[in-house]
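Residues per chain are reported as follows:
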Amino acid sequence: MEPPLRYNKCKISRLAGQPPSMVEFPALTGTVACGTGLFAALTPADRGGTVARIEGTELEYVRQQQQPIIEVDNIVKTYKMGRIEVQALKGVTATIRKGEMLSIMGPSGSGKSTFMNVIGCLDKPTSGSYRLEGKEISKLSDNKLAEVRNQRIGFVFQSFNLLHRTSALANVELPMVYSGMKHRKDKAMEALERVGLGPRAKHRPNELSGGEQQRVAIARALVQKPAIILADEPTGNLDSKSSHEIMKIFEELNRTDGITIIVVTHEREIAEHTRRIIHFRDGLISNEETDIGKHKD
Ligand SMILES: Nc1ncnc2c1ncn2[C@@H]1O[C@H](COP(=O)(O)OP(=O)(O)O)[C@@H](O)[C@H]1O
Ligand SMILES: [Mg+2]
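**A look at the overall build of the chain**
When its secondary structure is counted, the chain shows nine helices and 14 strands. Split into buried and exposed, the 297 residues of the chain put 38% on the buried side. Long-range pairs, those at least 24 residues apart, make up 60% of the contacts in the chain with a sequence separation of at least 6.

**Quick look at the sheet that holds strand 5 (residues 68-81)**
Across the sheet, which stays open at both edges, the four strands sit in the order 6-5-8-9 with antiparallel pairing between neighbours. Two strands lie at the open edges of the sheet, namely strand 6 (84-97) and strand 9 (135-136), each paired on one side alone. Of the strand pairs in this sheet, strand 8 (residues 127-132) and strand 9 are connected by two bridges, and their pairing is antiparallel. Looking across to strand 9, one finds that Leu 132 is bridged to Lys 135. Across the face of the sheet, helix 3 (residues 112-119) comes into contact with strand 5, strand 6 and strand 8 while running at roughly 120 degrees to strand 5.

**Brief notes about the pairing of strand 13 (residues 276-281)**
In this structure, strand 7 (residues 101-105) lies alongside strand 13, joined through four bridges in parallel fashion. The residue of strand 13 that forms the bridge with Leu 102 is Arg 276. As defined by bridge partners, strand 13 adjoins strand 14 (residues 284-289) across five bridges and the pair is classed as antiparallel. In the strand pairing of strand 14, Ile 278 is matched with Glu 288. Once strand 13 ends, the chain turns through two residues before running back antiparallel as strand 14, passing Asp 282 with a positive phi of about 50 degrees.

**Structural notes on unusual backbone geometry**
Unlike most non-glycine residues, Lys 225 shows phi in positive territory, near 55 degrees. By the secondary structure assignment, Lys 225 is in the loop between helix 7 (210-222) and strand 11 (228-232). Despite not being glycine, Asp 282 shows a phi value in the positive range, around 50 degrees. You can see Asp 282 is positioned in the loop between strand 13 and strand 14. The exposure class assigned to Asp 282 is partly exposed, which follows from the 13 C-beta atoms found within 10 Å.

**Points about the site of ligand 1**
Taken together, Tyr 79, Met 81, Val 86, Ala 88, Gly 106, Ser 108, Gly 109, Ser 110, Gly 111, Lys 112, Ser 113 and Thr 114 make up the full set of residues near ligand 1. Listed by contribution, the elements that provide at least two residues to the shell around ligand 1 are strand 5, strand 6 and helix 3. Considering each element in turn, the shell around ligand 1 owes the most residues, three residues, to helix 3.

**A closer look at the nonpolar core**
Counting 61 residues, the largest nonpolar core has Val 172, Leu 192, Ala 219, Ile 229 and Leu 230 as the members making the most contacts within it. If one sorts the elements of this core by residue count, helix 7 sits on top with six residues.

**Side note on the packing of helix 5 (residues 168-179) against helix 6 (residues 184-194)**
The packing of two helices is summarised by the inter-axis angle and the distance between the axes. At a closest axis distance of 9 Å, the pairing of helix 5 and helix 6 adopts a crossing angle of 120 degrees. Between helix 5 and helix 6, the crossing angle belongs to the class labelled oblique. For the pair helix 5 and helix 6, the crossing hand works out as right-handed. Facing helix 5, whose interface residues are Ala 168, Leu 169, Val 172, Glu 173, Met 176 and Val 177, helix 6 presents Arg 184, Lys 185, Lys 187, Ala 188, Met 189, Ala 191 and Leu 192. Split into classes, the residues belonging to the contact of helix 5 with helix 6 amount to nine nonpolar, no polar and four charged.

**Observations regarding helix 3**
Buried residues dominate helix 3, accounting for seven of its eight residues. Directly after helix 3, the chain includes Cys 121, whose backbone phi takes a positive value near 60 degrees.

**Regarding the confidence of the model for the chain**
Residues of the chain with pLDDT of at least 70 account for 76%, and the chain-wide mean is 81. The least confident element of the chain is strand 1 (residues 8-12), whose mean pLDDT is 37; the most confident is strand 11, at 98. Every residue in residues 1-65 scores below 50 in pLDDT, and together they form 105 contacts with partners more than four places removed in sequence or on other chains.

**Things to note about the sheet that holds strand 12 (residues 260-264)**
Spatially, the six strands line up as an open sheet ordered 10-11-12-7-13-14, and their pairing is mixed. Edge positions in the sheet fall to strand 10 (153-157) and strand 14, since each has one partner strand and no second. For this sheet the average axis-to-axis angle between neighbouring strands, irrespective of direction, equals 20 degrees. Across the face of the sheet, helix 7 comes into contact with strand 10 and strand 11 while running at roughly 165 degrees to strand 10.

Parameters and conventions
Residues numbered from 1 in each chain as written. Chains lettered and ligands numbered in written order. Predicted model: local features only at pLDDT ≥ 70, side-chain atom pairs only at ≥ 80, totals over all residues. Helix = DSSP H or I, 4+ residues; strand = E, 2+ residues; numbered from the N terminus. Buried ≥ 20, exposed ≤ 12 C-beta atoms within 10 Å, placed from the backbone. Contact = placed C-beta atoms within 7 Å. Pairing = 2+ DSSP bridges. Axes fitted to C-alpha atoms, helices over the stretch in contact; angles between N-to-C directions. Near = placed C-beta within 6 Å. Core = buried A, V, L, I, M, F, W, Y, C linked by C-beta atoms within 7 Å. Parallel < 35°, antiparallel > 145°, perpendicular 65-115°, else oblique. Left-handed = near helix turned anticlockwise from the far one by under 90°. Nonpolar A, V, L, I, M, F, W, Y, C, P; charged D, E, K, R; others polar. pLDDT = per-residue confidence, 0-100.

Here's what the structure looks like:
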């Protein structure tokens, strides 16, 4: 399966040993002639799937299949409530590739959050296989699972989940306190600056708008340099303007850092910030859309 990225056209004059062809690259506008610094224009996210090199004035381009980062196969998740069993996931199979940005939509109760919890290593599937960066996860001990989660995954939630009594800076520092990282203040400050909140670092959550609080939460997700950010209805409590600002931040992190980003949302307009939409219904993937048009305009 080809990575579902939307590319702008770019002409490559010679492909090693192959005839000239049109290849498409993201983050470029118009047709770019060979040897015009294309490599510099490629972002890390794109490099995840492509190798491009300029030799003299010739651009050599090799297409690589983008590596899967998340592979779930027939995942079932059953919750027991007394004698009653609820099957929240009924056999979900999906592949998500490194550097993708996609969204998950579906009615309430269709299993979206359960799916996010499983791929975020917050919860284990009842059955089925889950490979994260090629490693089987479903059999790991709880401690190992926590380790993988802390090192590889950043979470953003609808309700921000910030500590109210401490500053934005302290909130962002917190994951690093658990993981024993050094230079925490500097790193936290850097993450806050990244989301445009440097000047608000000393403020407490209740002194910030909803959109700003969510940006603090994104900074907190960022500090550990995750491979994946999972955002479960991150704009559910925000007005439309802040919602789009939040999505722009995700787009930027995806584009420049190559972070794989998965966003659950009810709103089509929010989902259209991503390139692919997976629809859930009744514990299963019911439908998928790729090549969503609005991205990178
Ligand atoms: N911890 C839990 N215990 C029991 N049932 C749960 C639990 N979490 C979710 N469920 C049930 O699993 C189904 C899917 O829930 P969820 O994944 O939260 O859906 P969504 O996020 O799409 O609204 C629902 O029927 C829900 O009631
Ligand atoms: Mg949910």
